[in-house]
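Structural overview
Residues per chain, in single letters:
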Amino acid sequence: MRINQRIGGRGRYATAIALVAAAALTLAGCARDTGGGDGAQAGECERVAPPSVPAASAQPAPEAPKADASRLKVGLAYDIGGRGDASFNDAAAAGLDRAVAELGLQKANTREATAQAGESEDAGTNRLRQLAQGGFNPIVAVGFNYATGVKTVATEFPNIQFAIVDDDTVDLPNVKPLVFAEEQGSFLVGAAAALKTSTCKVGFIGGVDNPLIQKFDAGYEQGAKAVAPQIDVESAYISPAGDFTGFNDATRATEIASGQYDGGADIAFAAAGQSNQGVFAAAQTAQKKAIGVDSDQYNSPQLTQVRDTIMTSMIKRVDVAVYEYINAVAGNAVATLPARFDLANNGVGYSTSGGQVDDIVPQLEAYKAAIIAGQIDVTSTK
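This report concerns the structure included in the present document.

Quick notes on the rules
- In every chain, residue numbers begin from 1 and rise along the written sequence.
- Restriction of local features to residues with pLDDT of at least 70 applies here, the model being predicted, together with a cutoff of 80 or more for giving and counting side-chain atom pairs; totals for whole chains, interfaces and linings are based on all residues.
- Only hydrogens and water are set aside when side-chain values are computed; all heavy atoms of the structure are taken into account.
- Pairing between strands requires that DSSP locate at least two bridges from one strand to the other.
- The numbering of helices and of strands both runs from the N terminus, where a helix is a DSSP run of H or I of at least 4 residues and a strand a run of E of at least 2.
- To get an axis, fit a line to the C-alpha atoms, keeping to the stretch in contact for a helix; angles then go from 0 to 180 degrees between the N-to-C directions.
- We call a residue buried when its accessible area falls under 20% of the maximum for its residue type, exposed when it is over 50%, and partly exposed in between, using a 1.4 Å probe and counting protein chains only.
- Salt bridge criterion: a side-chain nitrogen from Lys or Arg within 4 Å of a carboxyl oxygen from Asp or Glu.
- For our purposes a nonpolar core is just a set of buried Ala, Val, Leu, Ile, Met, Phe, Trp, Tyr and Cys residues, chained together by side-chain atoms within 4.5 Å.
- An automatic or database domain assignment is the source of the domain bounds shown.
- Contacts were defined at the residue level, with two residues in contact if any of their heavy atoms lie within 4.5 Å.
- Two rings belonging to Phe, Tyr or Trp (six-membered ring only in the last case) form a pair when the distance between their centres is within 6.5 Å. Interplanar angles under 30 degrees mark stacking, angles over 60 mark edge-to-face geometry, and anything in between is tilted.
- If the strands point away from the viewer and the path from the first strand over the helix to the second runs clockwise, then the crossover is right-handed.

Pairing is mixed in the open sheet, where six strands are placed in the order E9-E8-E10-E11-E12-E13. Looking at strand neighbours, the two that pair on one side only are strand E9 (232-239) and strand E13 (348-350), the edges of this open sheet. Neighbour to neighbour, the strand axes of the sheet diverge by 15 degrees on average, direction disregarded. Strand direction decides the pairing type here: strand E11 (residues 289-294) and strand E12 (residues 310-316), joined by five bridges, are parallel. Its bridge partner lying in E12, Val-293 is registered against Met-314.

In structure tokens, the structure reads:
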């Protein structure tokens, strides 16, 4: 896995691992031998210094001015789990709630609908069509499963504006994709895992083995190995490509996470929707740590009993994307939205709730600044 770091003019790269190894701080010993394949031997988990970046070259983009959304009728079509899933859909709901609180959007002029487990593709299309027939404009489809439905209904209703989260395959003038640099946020929590592990072995558990979730996996491993080149990163998926039950199978998630913890991992990053709850349960039982995803899962009311196991979360700011989209529609400025929500525009990040990563925030911020400045190029595949 290569993390390219710019060391001179445009196009001149060297691997960050090779570059920063020359300026390594000190050996940060791992507590025990995990016995894990290519992982470090006991006492050999070497951590290297984070990059140094001038502050002026790593400033995030400013937020757009607030428009008046009081005349809009906004429809949200959630993925399976809907509002209250303590993850992806809740983040979208938070964006809608923020538009109500800050942009004058009337709560009575919003409607939310939720996909059901096992439903047909036609059900999603009909859900979007019903929102369009109800006069809602814009309509936000939360999740790539809505791609076919958005293409169909946006074609039928060319005067209604649509957005779709996590998909950029619909090429229509009234459809705006809301996509993310998940690999960048995952890099940062991978770095956090490498800074915090005492076994030199960490895990990743994805909901479905598809290109979207593989971006989390790839970024996490790059971040971990940027900090500790010898670290052992074990990756597993709950369900194969095309089988979306992996996002709603906490039992299987518990089994996989328990296996990783029993095998020597002391931290596991879960990118698995509602299945994350199974990973957190396994972490609690094993007295290990876990990393959440999408929302700040430490603060999720549904996860209060396991919150102390959640070291940090990779925050995918679906809330920011939904809010910014509604704001842009209200201000007739959809064309100004970013092509991708990333670290530079606050589209992804990491959480500090619970204080468990407070001591490593300076290192994480250094890696964040290097990514924003272009010194570190995080790839979306392994």
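Buried residues dominate E12, accounting for seven of its seven residues. Note: E12 against E13, three bridges, orientation antiparallel. Bridge pairing in E13 places Ile-315 opposite Gly-349.

A few words on the pattern of salt bridges. In this structure the tally under the stated criterion is 21 salt bridges. In this structure, the salt-bridge partner of Arg-98 is Glu-102, at a minimum N-O distance of 3.3 Å. With Arg-98 and Glu-102 both in helix H2 (residues 88-103) and four residues apart, the pair spans about one turn of that helix. Among the residues examined, Arg-98 registers a relative accessible area of 22% and is labelled partly exposed. Residue class for Glu-102 comes out partly exposed when judged on its relative accessible area of 35%. A salt bridge links Glu-119 to Arg-127, with the shortest nitrogen-to-oxygen separation between them at 2.6 Å. Given the relative accessible area of 29%, Glu-119 is considered partly exposed. Shared partners join several salt bridges into a network, and the residues in it are Asp-166, Glu-182, Glu-183, Lys-215 and Lys-316.

Attention shifts here to the nonpolar core. Ranked by internal contacts, the top residues of the largest apolar core, which has 74 residues, are Leu-76, Phe-216, Tyr-220, Phe-269 and Ile-326. Per element, the largest residue contribution to this core is eight residues, and it comes from helix H9 (residues 318-330). Here this core gathers at least three residues from each of two domains, domain 1 (75-178) and domain 2 (182-316 + 352-373). With sequence-adjacent residues up to four places away left out, Phe-269 is seen in contact with Ser-186, Val-189, Gly-203, Phe-204, Ile-205, Phe-216, Tyr-220, Ile-291, Gly-292, Val-293 and Met-314.

To continue, consider the sheet that holds strand E5 (residues 139-142). Each strand in a sheet pairs with its neighbour through backbone hydrogen bonds, running either in the same direction (parallel) or in the opposite one (antiparallel). Overall, parallel pairing links the five strands, which are arranged E4-E3-E5-E6-E7 in an open sheet. Looking at the sheet topology across the chains shown, the edges are occupied by strand E4 (110-114) and strand E7 (175-178). Across the sheet, the mean angle from the axis of one strand to that of its neighbour is 15 degrees, orientation sign disregarded. Note that E5 and strand E6 (residues 162-165) share four bridges and pair parallel.

The next point concerns the packing of aromatic side chains. If you walk through the whole model with that rule in mind, you get eight aromatic pairs. An angle of 40 degrees between the planes, with centres 6.2 Å apart, marks the rings of Phe-204 and Tyr-220 as tilted. Separated by 16 residues along the polypeptide, Phe-204 in strand E8 (residues 201-208) and Tyr-220 in helix H6 (residues 211-227) bring together distant segments of the chain. The same class applies to Phe-204 and to Tyr-220, which are both buried.

Of all six residues in E11, five are buried, a share of seventy percent or more. As paired elements, strand E10 (residues 267-271) and E11 share three bridges and run parallel to each other. Pairing of Ile-267 across the sheet is with Lys-289, part of E11. Once you follow E10 into helix H8 (residues 276-286) and on to E11, the crossover reads as right-handed.

Right, let's get into unusual backbone geometry. That bond from Asn-137 to Pro-138 is cis: its omega, 15 degrees, falls within 30 degrees of zero. Although it is not a glycine, Cys-200 sits at a positive phi angle of roughly 60 degrees. Relative to the assigned elements, Cys-200 resides in the loop between helix H5 (182-196) and E8.

Function cannot be read off these values alone, since they describe shape.
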